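Structure at a glance
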Amino acid sequence: MNLSIEKDKKTAIVLSTVLLFTSYKLIRALTNKPKSQSTKEIPVPGSSYWYVGHMFSLGELPGKTVEEWHRQLGPIIKLYLGVQTWIMIADPILAHKVFVTNSAKTSLRPKSHFTDLYSKGGKGVAFGQPSDVNWKSTRAKMQDAFVPKQIEKYLDSIQWEAQELVHQLVEDTVKEEGVIPFDYFKWYAINTVFVLSFAKRFERVHDPEFKTFSYIIERTSKILEAVEDLPGFLPSASFLDYFSGRKSRGKHFFDDVRDPTFRRYIAEALSSDKPNIIKSIKEEGANWSEEEYIAFTADIISAGTDTIGGSLWWNLYLMCHYPACQKTAANEVDEFFRLNGRLPHFSERTQLPYIISVMKECMRFRPTMQFGLPHSTQEEIEVDGYIFPKGCNIVSSMHGMHLGSYFENANTFFPERYMGNSKTMDALRKGKIEERDQFNFGWGRRSCPGTYLAEVEMFLAFVQILATCTIEPPKEGMPDINGIRNAGLNVVPPHCKLRFVKRHDSLV
Ligand code: HEM
């Protein structure tokens, strides 16, 4: 063996380690150094390691780990994820001050290689930046497309989709002794936004074209998970990405799989004789490129599918666990039917206060998103004595926020806590923090523009299910409502079939 070569190799390893360490320290110092002196330190959980920080301490279910850290350290904690600083907030009042009162400085979205690929370089809404003039008008178009007045035009079609949903759930329960409902809810959510956006729908949940499309949504959500962007956290690990082919696979997926599919649907929407969002945007004179249409529709569909699917899934598992609550909710629907000879419209929802309360309590008790989408700071801010450095990422910890000390007996499922506030979650999202009663739809100028549509969809599906069938556990036993699984940006219950059994006394 050549000793001088060996010595050179050792020297190179030592030098690169020193270089790595120095650049890590330098990046940390540059990105995190506060300009002002904080009066309160943000606690940092103990299990942080050199260079990687907390990256490998978050475990399989980061939402749960962070919830536990909040329990130990309080409603605001700071994590180091490689070279990035992440601040997690579980106190709604503090979150409001950070995201709403300071919205001009806290409404950027962190960028990554994959969010750039997804959004065609920051186009669309979800990954665009408020500093970009185009973003403001695109976000305004998205808001206009989903205001209550617009959604009202599609109520009959959403109600019809809800009937079709229940029809399939009942039919397939008979055939297969129960169904795993997620695919059915995704089908319902996709059809709803497809009808609005492209004037198109998929016939059934087993439709091969729907399966292909559903895969596109699933894959998109997986690619957008923060952990996929390793070099964003650990710049020195870029070479791993290069060798693993992760980046080129992501590019291939968006350019060659997702985009051609969206292009086809956009072309169909533009030539359709039925009203749809794409056509209205064009007719109103928007001079958008094809890429802008792709990014815009991808946002609507990606953001409005798994979130609805996951929320309804939790809702029905909980109804299975709490049959008395299910019965009270079904009685309320029956009572409305007896009085009116039909099921309620969304505008009549205040006549069903228990249903509204159950829906809110399900979203509080089992939020489908572990964290809201991350915001990042464009300059340093101080809130309540805490310093949020320039460039740090801030998220609301959905589990900590809804299952921590803000709510009385937070770990008890108790829909009655919501009786008395029948305002829509959409109206509350835009209102005073003191009135807000759940926080699943995010904050300020980045809050969810699809909130009203989400509520309408979930309400109509829930009412239709309760009026038609009972939700029962499979023969093997109750579904597990305490286990959760990662599903991209959402968390969903462990797989378990539910049985949708046609009610012998159904009025519909
Ligand atoms: C239960 C259903 C839903 C939940 C829980 C949900 C939740 C959220 C959350 C937490 C955010 C991030 C807010 C923030 O950054 O502060 C968001 C953003 C967004 N949501 Fe929803 N959402 C739902 C349904 C929908 C639907 C049906 C649509 C379809 C129109 C939609 C479209 C969007 C878009 C485009 C954004 C990005 C907004 C921006 O970056 O400015 N969402 N949603």
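Residues numbered from 1 in each chain as written. Predicted model: local features only at pLDDT ≥ 70, side-chain atom pairs only at ≥ 80, totals over all residues.

Under an unreviewed UniProt entry, the name given to the protein is Cytochrome P450, and the source organism is Mucor saturninus. The heading Cofactor (unreviewed entry) in the UniProt record of the protein holds the text "heme". (UniProt positions renumbered as here; feature names shortened; annotations may be inferred.)

This paragraph deals with the overall build of the protein. In terms of helices and strands, the protein carries 21 helices and ten strands. Its C-alpha atoms give the protein a radius of gyration of 24 Å, near enough to 23 Å, the size a compact globule of 508 residues would have. For the protein, the spread of C-alpha atoms along the three principal axes comes to 90 × 55 × 50 Å. A total of 508 residues make up the protein; the buried ones form 44% of that total. (Helix = DSSP H or I, 4+ residues; strand = E, 2+ residues; numbered from the N terminus. Rg over C-alpha atoms; globule rule 2.2 N^0.38 Å. Buried ≥ 20, exposed ≤ 12 C-beta atoms within 10 Å, placed from the backbone.)

The UniProt feature table records "binding site: heme" (unreviewed entry) at Cys448. Structurally, the position occupied by cysteine 448 is in the loop between helix H20 (425-430) and helix H21 (451-468).

Okay, the pairing of strand S1 (residues 76-81) next. Counting buried positions over the six residues of S1 gives six, a clear majority of the element. Judged by which residues are buried, S1 turns out to be covered on both faces: Ile76, Lys78 and Tyr80 on one side and Ile77, Leu79 and Leu81 on the other are all buried. In this structure, S1 lies alongside strand S2 (residues 84-89), joined through six bridges in antiparallel fashion. In the sheet register, isoleucine 76 faces S2, and the bridge partner there is isoleucine 89. (Pairing = 2+ DSSP bridges.)

Looking at the protein, the pLDDT average stands at 90 and 92% of residues meet or exceed 70. Considering only residues more than four positions removed or in separate chains, one finds that residues 1-31, a stretch of pLDDT under 50, has nine contacts. (pLDDT = per-residue confidence, 0-100. Contact = placed C-beta atoms within 7 Å.)

This next bit is on the site of the ligand. Around the ligand lies a shell of 29 residues, among which Gly304, Thr307, Gly442, Cys448 and Gly450 are the nearest. Counting only elements with at least two residues in the shell around the ligand, the list comes to helix H6 (133-145), helix H15 (290-303), helix H16 (306-321) and H21. Considering only residue class, the shell around the ligand consists of 16 nonpolar, ten polar and three charged. (Near = placed C-beta within 6 Å. Nonpolar A, V, L, I, M, F, W, Y, C, P; charged D, E, K, R; others polar.)

A sheet is described by the order of its strands in space; here four strands give the open sequence S1-S2-S6-S3, paired in mixed fashion. Each edge of the open sheet is held by one strand with a lone partner, namely S1 and strand S3 (375-376). Sheet topology places S3 next to strand S6 (residues 393-396); two bridges connect them, and they run antiparallel. Residue pairing for S6: serine 376 is matched across the bridge by asparagine 393. Packing of helix H3 (residues 92-101) onto the sheet brings it into contact with S1, S2, S3 and S6, and relative to S2 it is tilted by some 130°. (Axes fitted to C-alpha atoms, helices over the stretch in contact; angles between N-to-C directions.)

Residue placement: serine 221 occurs in helix H10 (residues 208-223). For serine 221, the contacting residues outside a window of four places in its chain are Ser302, Asp306, Gly488 and Leu489.

This next bit is on unusual backbone geometry. Unlike most non-glycine residues, alanine 199 shows phi in positive territory, near 55°. Along the chain, the position of alanine 199 falls in the loop between helix H9 (182-198) and H10. Although it is not a glycine, asparagine 409 adopts a positive phi angle of roughly 45°. Residue position: asparagine 409 is located in the loop between helix H19 (398-403) and H20.

This paragraph deals with the environment of proline 494. Structurally, proline 494 is set in the loop between strand S9 (490-492) and strand S10 (499-502). Accessibility expressed as a C-beta count within 10 Å gives 12 for proline 494, which makes it exposed. Residues proline 494 and asparagine 482 lie twelve residues apart in sequence; the distance between their C-alpha atoms is 8.8 Å. When neighbours within four sequence positions are excluded, proline 494 is seen to be in contact with Asp480, Gly483 and Arg485.

Running from amino to carboxyl end, H9 crosses H15 at an angle of 155°, the nearest separation of the two axes being 9 Å. The angle between the axes of H9 and H15 places the two elements in the roughly antiparallel class. Where H9 crosses over H15, the two elements pack in a sense that is right-handed. Across the interface between the two elements, Ile190, Val193 and Ser197 of H9 pack against Thr297, Ile300 and Ile301 of H15. When its residues are assigned to classes, the contact of H9 with H15 shows four nonpolar, two polar and no charged. (Parallel < 35°, antiparallel > 145°, perpendicular 65-115°, else oblique. Left-handed = near helix turned anticlockwise from the far one by under 90°.)

Let us now look at helix H17 (residues 323-340). For H17, spanning 18 residues, the distance from its first C-alpha to its last is 26 Å, which sits close to the expected 26 Å at 1.5 Å a residue. For H17, every residue scored as buried is listed here: Cys325, Gln326, Ala329, Ala330, Glu332, Val333 and Phe336. Seen along its axis, H17 keeps its buried residues to an arc of 150°; they face one direction. For H17, the exposed residues lying more than 90 degrees away from the buried face are Ala324, Asn331, Glu335, Arg338 and Leu339. Tucked into the core, H17 has its buried residues touching H16, helix H18 (353-365), H21 and strand S7 (469-472). Phi for glycine 341, located one or two positions after H17, is positive at around 70°. (Expected span 1.5 Å × (residues − 1). Arc of directions from axis to C-beta.)

Attention now goes to helix H2 (residues 62-73). Given 3.6 residues to a turn, an α-helix orients residues that are three or four positions apart in the same direction. Over its twelve residues, H2 extends 16 Å from the first C-alpha to the last, a length consistent with the 16 Å expected when each residue adds 1.5 Å. Here H2 has its buried residues at Pro62, Gly63, Val66, Glu67, Trp69 and His70. Buried residues in H2, looked at end-on, bunch into an arc of 165°, giving them a common side. Where H2 ends, the next residue or the one after it, glycine 74, has phi of about 110°, a positive value.

Now for the environment of lysine 78. Position of lysine 78 among the secondary structure elements: in strand S1. Its 21 C-beta neighbours within 10 Å are what place lysine 78 among the buried residues. C-alpha of lysine 78 to C-alpha of isoleucine 394: the two residues are 316 residues apart in sequence and 9.3 Å apart in space. Those residues in contact with lysine 78 that lie beyond four places of it in its chain are Ile42, Val44, Thr85 and Ile87.

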